[in-house]
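# Remarks on the overall topology
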Amino acid sequence: MLSAQGFGDTGKMKEYHYTGPVEHRFSPYAFNGGTVLAVAGEDFAIVASDTRLSEGYSIHSRDSPKCYKLTDTTVIGCSGFHGDCLTLTKIIDARLKMYKHSNNKTMTSGAIAAMLSTILYSRRFFPYYVYNIIGGLDEEGKGAVYSFDPVGSYQRDTYKAGGSASAMLQPLLDNQIGFKNMEGVEHVPLTQDKAVQLVKDVFISAAERDVYTGDALRICVITKEGIKEQTIPLRKD
Amino acid sequence: MALSNVLETPAAGFNFDNVARNAALEGLFEGGQTPKPLKTGTTIAGVVFKDGVVLGADTRATSSEVVADKMCAKIHYIAPNIYCCGAGTAADTEKTTELLSSNLTIFSMNSGRNPRVVMAVNILQDMLYRYRGQIGANLILGGVDCTGNHLYTVGPYGSVNKVPYLAMGSGNLAALGILEDGFKPDMELEKAKELVRVAIHAGIMSDLGSGNNIDICVITRQGVDYIRPYQESEYKDNRKMKYKYRPGTTPVLTEKVVSLKLEVVQETVQQMDTA
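Residues numbered from 1 in each chain as written. Chains lettered and ligands numbered in written order. Predicted model: local features only at pLDDT ≥ 70, side-chain atom pairs only at ≥ 80, totals over all residues. Heavy atoms only, no water.

## Things to note about the overall build of chain B
- For chain B, the helix and strand inventory stands at 5 helices and 12 strands.
- Relative to its full complement of 275 residues, chain B shows a buried share of 44%.
- Across chain B, every contact between residues at least 6 apart in sequence was considered, and the portion connecting residues at least 24 apart equals 63%.
- Carbon and sulfur atoms make up 54% of the accessible area of chain B, which totals about 15400 Å². (Helix = DSSP H or I, 4+ residues; strand = E, 2+ residues; numbered from the N terminus. Buried < 20%, exposed > 50% of the residue type's maximum accessible area, 1.4 Å probe, protein only. Contact = heavy atoms within 4.5 Å. Areas by Shrake-Rupley, 256 points an atom, 1.4 Å probe, with all protein chains shown as cover.)

So this is what it looks like as structure tokens:
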């Protein structure tokens with residue numbers, strides 16, 4: 001009996017007398033899911049990600065956070081193909097060390113962003129399948145968020161969502177942080193506590209409707225005192 | 001194609017009328033994708049126990065990676081003594097079971113008997129085979145009739161299996177593991193319900209296409225107990241902040257009022273029978 005797994009699509013009419021060559025392709029990429037989010041405040045930055053690693057309809061791991069600490073003032077969130085995420089973060093770590101040894105100082109957030117752009121573009125014709133968002137403090141101590149596409153285009157933002165639930169989160173952030181599509185609302189500057197609460201609520205919503213987001217939420221809050229991490233549980237189903 | 005199988009036998013052989021139409025329809029969406037049907041991406045399970053049949057299902061319906069419905073009903077009514085769980089394309093499972101249900105109701109009225117499960121299975125198999133797999137419905141049929149307690153599975157290509165326990169859908173492997181481990185013939189009611197609950201729960205936790213609550217349907221000679229939800233999801237979305245918008249947040253650009261001039265021409269009162 002054919003297993004139910006085989007009935008992914010409403011079946012197409014099969015040609016039963018087809019004897020020609022059939023092309024099978026090997027894809028070097030896989031999509032491992034996950035959502036990342038970064039918000040920049042007046043003197044802080046937040047980088048948050050869920051911790052679910054999935055493939056197809058299965059879960060590989062419930063505890064695989066996508067935020068990686070680069071320096072004392074910078075955290076990067078990578079989602080997409082996990083293999084490329086791991087390699088890319090290793091390469092960035094190595095380049096940070098090299099910079100530190102040659103220039104005797106730590107790379108700033110802006111410099112890391114510029115460097116990442118060139119690293120990604122160097123693989124323009126076989127890209128790293130990774131959606132990156134860097135969050136950190138710039139030289140003046142103000143929060144900075146840099147968002148990337150898989151081949152290295154980047155810009156500085158106040159807030160950005162990336163990964164599988166990005167299309168659901170970005171409009172919500174536009175409304176709550178950017179005060180878009182609203183009139184007659186007072187533009188209060190974002191405090192750290194309100195930002196953290198907003199990030200938690202927004203991920204709860206994402207986990208409700210996106211199957212690839214869930215399990216737990218890892219939040220990294222970057223201030224001049226350092227990087228504080230907290231983990232809160234999300235839906236596991 | 002609203003044939004009533006019971007009243008007239010369908011034309012013999014295969015009907016390929018729609019092949020040319022489907023090919024033409026695909027050509028209409030040049031470049032873009034044909035609209036994707038809503039799949040249930042499900043875990044459903046059924047178990048035969050001493051006094052009847054227990055059917056279970058999760059309640060999540062997905063449209064590729066987005067959850068479209070958090071509380072969809074996957075256990076469908078077929079007859080007073082037969083219920084059916086459906087996995088696959090949501091529209092296909094709903095319409096197929098509705099069609100089957102109406103056919104069986106006509107049969108009951110004609111013959112004065114409760115339909116037998118094997119009759120429901122034959123009608124389903126006949127219809128799905130005739131459509132050559134184009135109807136994406138994986139169904140688990142369970143029911144109790146005068147010949148005993150039955151559990152059948154019907155695949156989209158028309159295959160039928162009679163089994164004592166079963167799981168279908170994208171979460172079927174996880175659920176089947178639990179069922180294989182815990183099933184015994186002639187179980188008691190509470191044990192059977194617990195086994196199905198644990199099996200669906202395993203599917204919900206391991207499979208991304210299944211989630212939210214668990215529905216259970218118990219069918220016995222005495223009647224049907226449709227418990228929806230049998231177990232609510234323990235993940236309540238409790239957000240700390242309130243997201244409310246004052247009236248006036250959305251700007252009104254222009255306003256146009258059209259008054260409808262109505263006059264009463266005739267008034268009739270009809271009593272509604274609310275008994």
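## Some remarks on the packing of helix 4 (residues 172-182) of chain B against helix 5 (residues 189-206) of chain B
Residue and element names in this part refer to chain B.
- Running from N to C, helix 4 and helix 5 cross one another at 150°; their axes reach a closest spacing of 7 Å. By the angle class used here, helix 4 and helix 5 are roughly antiparallel. The handedness of the crossing between helix 4 and helix 5 is right-handed. The segment helix 4 lies against helix 5, with A174, A175, I178, L179 and G182 engaging L195, V198, A199, A202, G203 and S206.
- For the contact of helix 4 with helix 5, the residue count by class is 8 nonpolar, 3 polar and no charged. (Axes fitted to C-alpha atoms, helices over the stretch in contact; angles between N-to-C directions. Parallel < 35°, antiparallel > 145°, perpendicular 65-115°, else oblique. Left-handed = near helix turned anticlockwise from the far one by under 90°. Nonpolar A, V, L, I, M, F, W, Y, C, P; charged D, E, K, R; others polar.)

## Some thoughts on the sheet that holds strand 11 (residues 216-223) of chain A
Residues and elements named next belong to chain A.
- One open sheet holds the 5 strands; their spatial order is 10-1-2-11-12, and the pairing between them is antiparallel. Single-partner strands in this sheet number two, and they are strand 10 (159-163) and strand 12 (226-233). For this sheet the average axis-to-axis angle between neighbouring strands, irrespective of direction, equals 15°.
- Examined bridge by bridge, strand 1 (residues 35-40) and strand 2 (residues 45-50) share 5 bridges and lie antiparallel to one another. In the sheet register, V39 faces strand 2, and the bridge partner there is I46. (Pairing = 2+ DSSP bridges.)

## Topic: helix 1 (residues 82-103) of chain A
Residues and elements named next belong to chain A.
- Taking 1.5 Å of rise per residue, 22 residues should cover 32 Å, and helix 1 covers 31 Å from first to last C-alpha, within 8% of that figure.
- On the buried face of helix 1, the contacting elements are strand 3 (53-55), strand 5 (67-71), strand 6 (74-80), helix 2 (109-121) and strand 7 (130-137).
- One or two positions beyond helix 1, positive phi appears at N104, with a value near 60°. (Expected span 1.5 Å × (residues − 1).)

## Some words on the nonpolar core
- Counting residues in each nonpolar core, the largest one holds 27 residues, and the members touching the most others are L37, I46, V199 and I219 of chain A.
- No other element matches the 9 residues that helix 4 (residues 192-209) of chain A contributes to this core. (Core = buried A, V, L, I, M, F, W, Y, C linked by side-chain atoms within 4.5 Å.)

## A word on the environment of N103 of chain A
All names here are of chain A.
- Inspection of the secondary structure puts N103 in helix 1.
- Exposure remark for N103: the relative accessible area of 43% places this residue in the partly exposed category.
- Sequence separation between N103 and D149 is 46 residues; the distance between their C-alpha atoms is 28 Å.

## Brief notes about the UniProt feature "domain: Proteasome beta subunit C-terminal" (unreviewed entry) in chain B
- Mapped onto this numbering, the UniProt entry annotates "domain: Proteasome beta subunit C-terminal" (unreviewed entry) at residues 239-269 of chain B.
- Spanning residues 239-269 of chain B, this segment combines 0% helix with 0% strand, and its end C-alpha atoms are found 49 Å apart. (UniProt positions renumbered as here; feature names shortened; annotations may be inferred.)

## Some words on the UniProt feature "active site" (unreviewed entry) in chain B
All names here are of chain B.
- Here, the residues flagged by UniProt with the feature "active site" (unreviewed entry) are T42.
- Position of T42 relative to the elements: it lies in the loop between helix 1 (17-28) and strand 1 (44-49).
- Under the relative-accessibility criterion, T42 is labelled buried at 0%.
- With residues up to four places along the chain from it excluded, the contact list for T42 reads D58, K74, G86, A87, M168, G169, S170, G171, D207, G209 and S210.
- Engagement of the side chain of T42 in a polar contact is seen with the side chain of K74, the distance being 3.2 Å. (Polar contact = N/O pair within 3.5 Å; in protein donor to acceptor, adjacent residues only side chain to side chain.)

## Notes on the pattern of salt bridges
- Taken as a whole and assessed by the stated rule, the structure comprises 19 salt bridges over all chains.
- For E208 of chain A, the salt bridge goes to K70 of chain B, with nearest N and O atoms at 2.6 Å. Of the two residues, E208 of chain A sits in helix 4 while K70 of chain B sits in the loop between strand 4 (66-69) and strand 5 (75-79), which places them in two different chains.
- Overall, the relative accessible area of 5% leaves E208 of chain A in the buried class. (Salt bridge = Lys/Arg side-chain N within 4 Å of Asp/Glu carboxyl O.)

## So, the sheet that holds strand 7 of chain A
All names here are of chain A.
- Strand order across the open sheet formed by 5 strands is 5-6-7-8-9, with antiparallel pairing between neighbours. Each edge of the open sheet is held by one strand with a lone partner, namely strand 5 and strand 9 (154-157). Adjacent strand axes in the sheet meet at a mean angle of 25°, parallel and antiparallel pairs treated alike.
- Examined bridge by bridge, strand 8 (residues 143-148) and strand 9 share 4 bridges and lie antiparallel to one another. Bridge pairing links Y146 to R156 in strand 9.

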